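Structural features, examined
This is what each chain is made of:
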2 protein chains.
Amino acid sequence: MIVAPTSELTTFERACRRQPTEHTPIWLMRQAGRALPEFREVRKHHSLLEIIAQPELCAEVTLQPVRRLGVDAAIIVSDIIAPLVNIGMEIDLKEGVGPVVAHPLRTHDDLKALRPLEPETDMRAMQETLRMVRRELAGKDVALIGFVGAPFTLAGYLVEGRPSRDFITTKRMMLETPDLWDALMARLTEIALTYAQGQIAAGAQAIQVFDSWVGALSPRDYARHVQPHMGRLFDGLSAPDGKPQTPRIHFGVGTATLLELMAEAGGDVIGLDWRVPLDEGWARLGGSERVAIQGNLDPVALTANWEALREEADDVLRRAASRPGHIFNLGHGVLPTTPVENLERLVAYVHEATPTPAPPPLGEGL
Amino acid sequence: MIVAPTSELTTFERACRRQPTEHTPIWLMRQAGRALPEFREVRKHHSLLEIIAQPELCAEVTLQPVRRLGVDAAIIVSDIIAPLVNIGMEIDLKEGVGPVVAHPLRTHDDLKALRPLEPETDMRAMQETLRMVRRELAGKDVALIGFVGAPFTLAGYLVEGRPSRDFITTKRMMLETPDLWDALMARLTEIALTYAQGQIAAGAQAIQVFDSWVGALSPRDYARHVQPHMGRLFDGLSAPDGKPQTPRIHFGVGTATLLELMAEAGGDVIGLDWRVPLDEGWARLGGSERVAIQGNLDPVALTANWEALREEADDVLRRAASRPGHIFNLGHGVLPTTPVENLERLVAYVHEATPTPAPPPLGEGL
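This structure is a prediction, so every number in the text was calculated from the model and none was measured. (Residues numbered from 1 in each chain as written. Chains lettered and ligands numbered in written order. Predicted model: local features only at pLDDT ≥ 70, side-chain atom pairs only at ≥ 80, totals over all residues. Heavy atoms only, no water.)

1. Here we look at the nonpolar core
Residues L114 of chain A together with L114 of chain B are the most contacted members of the largest nonpolar core, which totals 256 residues. Those residues in contact with L114 of chain B, other than ones at most four positions away along the chain, are L84, I87, M89, L105, L158, L184, R187, L188 and I191 of chain B. (Core = buried A, V, L, I, M, F, W, Y, C linked by side-chain atoms within 4.5 Å. Buried < 20%, exposed > 50% of the residue type's maximum accessible area, 1.4 Å probe, protein only. Contact = heavy atoms within 4.5 Å.)

2. Describing the interface of chain B and chain A
Counting residues at the interface gives 34 residues for chain B, matched by 34 residues for chain A. Buried area between chain B and chain A, both sides added, is near 2900 Å², and the carbon and sulfur share of it is 54%. The tally of links between chain B and chain A comes to 12 salt bridges. For R224 of chain B, the salt bridge goes to E311 of chain A, with nearest N and O atoms at 2.7 Å. Linking chain B to chain A there are 16 residue pairs in polar contact (both at pLDDT 80 or more). Going through the elements one at a time, α9 (168-176), α11 (219-225) and α15 (306-320) of chain B are the ones with two or more residues in the side of chain B that touches chain A. (Buried area = accessible area lost by both parts, 1.4 Å probe. Salt bridge = Lys/Arg side-chain N within 4 Å of Asp/Glu carboxyl O. Polar contact = N/O pair within 3.5 Å; in protein donor to acceptor, adjacent residues only side chain to side chain. Helix = DSSP H or I, 4+ residues; strand = E, 2+ residues; numbered from the N terminus.)

3. Section: the relation of the copies chain B and chain A
For the pair chain B and chain A, the best superposition has an RMSD of 0.0 Å and corresponds to a rotation of 180° with a translation of 0.0 Å parallel to the axis. Here the copies are linked by what is in effect a two-fold axis. Every residue of chain B has its C-alpha some distance from the rotation axis, and the shortest such distance is that of A256 of chain B, at 3.2 Å. Residue by residue, 100% of the interface of chain B is reproduced at the interface of chain A, so both copies engage with the same surface. (Least-squares fit on C-alpha atoms with pLDDT ≥ 70 in both.)

4. Let's talk about the packing of helix α2 (residues 37-45) of chain B against helix α4 (residues 55-69) of chain B
Residue and element names in this part refer to chain B. Close contact between α2 and α4 brings their axes to 9 Å; oriented N to C, the two are set at 165°. Taken together, the axes of α2 and α4 are roughly antiparallel relative to one another. When the axes of α2 and α4 are compared, the crossing they make is right-handed. Contacts between α2 and α4 involve P37, E38, F39 and V42 from the former and L57, V61, Q64 and R68 from the latter. Of the residues belonging to the contact of α2 with α4, the class tally is five nonpolar, one polar and two charged. (Axes fitted to C-alpha atoms, helices over the stretch in contact; angles between N-to-C directions. Parallel < 35°, antiparallel > 145°, perpendicular 65-115°, else oblique. Left-handed = near helix turned anticlockwise from the far one by under 90°. Nonpolar A, V, L, I, M, F, W, Y, C, P; charged D, E, K, R; others polar.)

5. What to know about the sheet that holds strand β6 (residues 248-251) of chain A
All names here are of chain A. If you trace the seven strands from one edge of the open sheet to the other, you get β1-β4-β5-β6-β7-β8-β9, paired in parallel fashion. Of all the strands in the sheet, just β1 (73-75) and β9 (326-330) have a single pairing partner and so form its edges. Taking the axes of each pair of neighbouring strands and ignoring which way they run, one obtains an average angle of 25° across the sheet. One ladder, built from three bridges, connects β1 with strand β4 (residues 143-149); its direction is parallel. (Pairing = 2+ DSSP bridges.)

6. A closer look at the pattern of salt bridges
Overall, the coordinates contain 50 salt bridges over all chains when judged by the stated rule. Of the charged contacts in the structure, one is a salt bridge between R131 of chain B and E128 of chain B, with a shortest N-O distance of 3.6 Å. With R131 of chain B and E128 of chain B both in helix α7 (residues 124-137), this residue pair falls three residues apart, about one helical turn. Of the residues examined, R131 of chain B reaches a relative accessible area of 37% and is grouped as partly exposed. Residue classification places E128 of chain B among the partly exposed residues on the basis of a relative accessible area of 31%. It is possible to trace a salt-bridge network through shared partners that takes in R220, D221 and R224 of chain A together with D279, E311, E312, D315, R318 and R319 of chain B.

7. Focus: the pairing of strand β5 (residues 206-210) of chain B
Residue and element names in this part refer to chain B. Of all five residues making up β5, five are buried, and the element is well covered by its neighbours. Here β5 shows no split at all, with A206, Q208 and F210 on one side and I207 and V209 on the other all buried. In this sheet, β5 lies alongside strand β4 (residues 143-149) in parallel orientation, the contact comprising five bridges. Counterpart to F147 in the pairing with β5 is Q208.

8. Structural notes on empty space enclosed by the protein
One pass over the full model with this rule turns up one cavity of 30 Å³ or more. What lines the largest cavity is a set of 14 residues, and nearest its centre among them are S218 of chain A together with W274, N296, D315 and V316 of chain B. Counting only elements with at least two residues in the lining of the largest cavity, the list comes to α11 (219-225) of chain A together with β8 (292-297) and α15 of chain B. Take the lining of the largest cavity: its biggest share by element is four residues, from α15 of chain B. Here the lining of the largest cavity is built from residues that sort into seven nonpolar, two polar and five charged. (1 Å grid on protein atoms, 1.4 Å probe; cavity = no way out; pocket = protein on both sides within 12 Å on 5 of 7 lines; lining within 4 Å. Points joined across faces, edges and corners; volume = space filled by probe spheres on them.)

9. Describing the sheet that holds β5 of chain B
Residue and element names in this part refer to chain B. An order of β1-β4-β5-β6-β7-β8-β9 is seen for the seven strands of this open sheet, with the pairing classed as parallel. In this open sheet, the two strands that pair with only one neighbour each are β1 (73-75) and β9 (326-330). Within this sheet the neighbouring strands show an average axis-to-axis angle of 25°, counted without direction. Pairing between strand β6 (residues 248-251) and strand β7 (residues 269-271): three bridges, direction parallel. Across the sheet, the residue bridging to I249 is V269, located in β7.

10. Topic: the confidence of the model for chain A
Residue and element names in this part refer to chain A. With 95% of its residues at a pLDDT of 70 or more, chain A shows a mean pLDDT of 94. Predicted confidence for residues 1-6 stays below pLDDT 50, and this span has 13 contacts to residues more than four positions away or in other chains. Across residues 356-360, confidence stays below pLDDT 50; counting only partners more than four residues off in sequence or on other chains, it has two contacts. Model confidence for the complex: the whole-complex pTM is 0.94, and ipTM, which rates the interface, is 0.93. (pLDDT = per-residue confidence, 0-100.)

11. What about the side chain of R248 of chain A?
Residues and elements named next belong to chain A. Along the chain, R248 turns up in strand β6. Within the structure, the side chain of R248 is placed 2.9 Å from the side chain of S238, a separation counted as a polar contact. The residues touching R248, leaving out its near neighbours within four places in the chain, are I207, F234, L237, S238, G267, D268 and V269.

As structure tokens, then:
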């Protein structure tokens, strides 16, 4: 049971708790990114890892979409491989490619590179950034989201050594050497847990767990080789009895056949991609009752003209039907080619399109 | 209703018709490919497009997996972009990349490049190959499968200009300029239909329609922008009343939320990828009753050791439960790194693992 004083909560946080809100809250994965000219300007002079290492700069780019778009939540600018970089792994964020790992992880011996994360030293910049952003957002109806990469998705990068579509080596490790796989997943779960807890301690009001690539798995492999670790991660992020729960958002792409297993592993909010009609996902997962639902506009719609975009946004809103516990978002991240006007219009449209509370009784205020 | 004299049919063809078989038939997408040393040998001297253009050579590589693996069906060696090359489009099969289109298709004007396919001239080599393979297979319990790329998957290559994961430009065309999209899809449907009919005329005993990348779409976009064209394609491949139907296999990857719509568009056999548990797909689609089911081992399992592979194969067989209308296959193509021993063992295992007919009554043959 989520316990929290309603009065102090932002609209976003109320939606995470499946409480009624005055408008549907909206934020967009990768809202701070190349679609914003002010972000591109910063990126001319700094790599992403440089931005992450400088709290003032990182707070600035985290807040850019709040200022320009009026979204209901900021998400800390970082990368899911950041905690691995912080514990000393050699990972390069290669332009146009993604994370490239100098020494892909393949053996028990390689696991030594995965030392535990020490929040005091390894998260200093991130925690400072979170505190700065919270100060900037004080008194505003905008929440701050932290995030971590889920163990499977992190393992996928570490084992393959670079972004992959099929995760052949990763899945083979899972099938052939389940002991090694479990040891790897256990370490990554520990790192993700410490990292998420450190973000909550520094002011994150929700944590999104990105299991972006877990859709490569069959339900059977997910249940055997991933779900137990995810269960431990979400359990570790459960508030003690009587304490307010920091909402945990559980997200992946291509997860149509995994959703129930993912929700079973944990999450107060489940993120859907565009392949699952939102009302169907809602019914399958017990939206409004058991979990809140986040999603699920196709990011490609955001690159189209307003007419086409509005039609797709209307479809999402229609399926959500203004029920409590809907957070409008994309099914995956904002594409770099997205026109910034579309982002601005979409946020305003979602805010306006959803029911506002009944007007004050006649006579009042006259 | 599928009408055909049972006695003349191969095991594979009987399974396509949901008739009981003595063993579960098995073939593997990309069974003729880099996993076979004899294929790699041929590819040292010839590109794929060269092989396709030479009936004798093409028949040889088509038959390689029949000889080595003992599969129940051969599939003609080709590429889904072959008919587009044959009508004069400049497409290069770039090593390690895939099809690269010289002039990506983006406007109504660009559609001119898509002239109709003329079977007599544009399919001469392919038809000759099919006839040669059929002659080689005469009297054997091995069927010959032809195939075509589905219009969406072909459009994806033509519009993006190269293999894509997100199909951003393709989907944007679909959303923003539905007229252009429909005109493109109509032309590709016509080409695919002519190409499939030409293969049936030359001896193909089944046609697999590869809509490999359609899983990028939401059910809504599929229903509006793809399904009507697929319906026309499958209708065009329906046998006239009273004539035996050449089985049509409808396959895509990542299609968990599209399966019912795909089956509605058409197909006597529906191919599942590994993300959908075979028994669940069976129930959703009416396996044994309305359609046969093909699939759905994860290709990565075929790269693992025999113990792990057998466990995954057992899971597929258990879910199929020897019901009529199961064709064992992968959820996608054989990976080039697959050990050839695994292919050999899997085929033998599936043949042995499935029920054989009751032994002759005691006394007979003594």
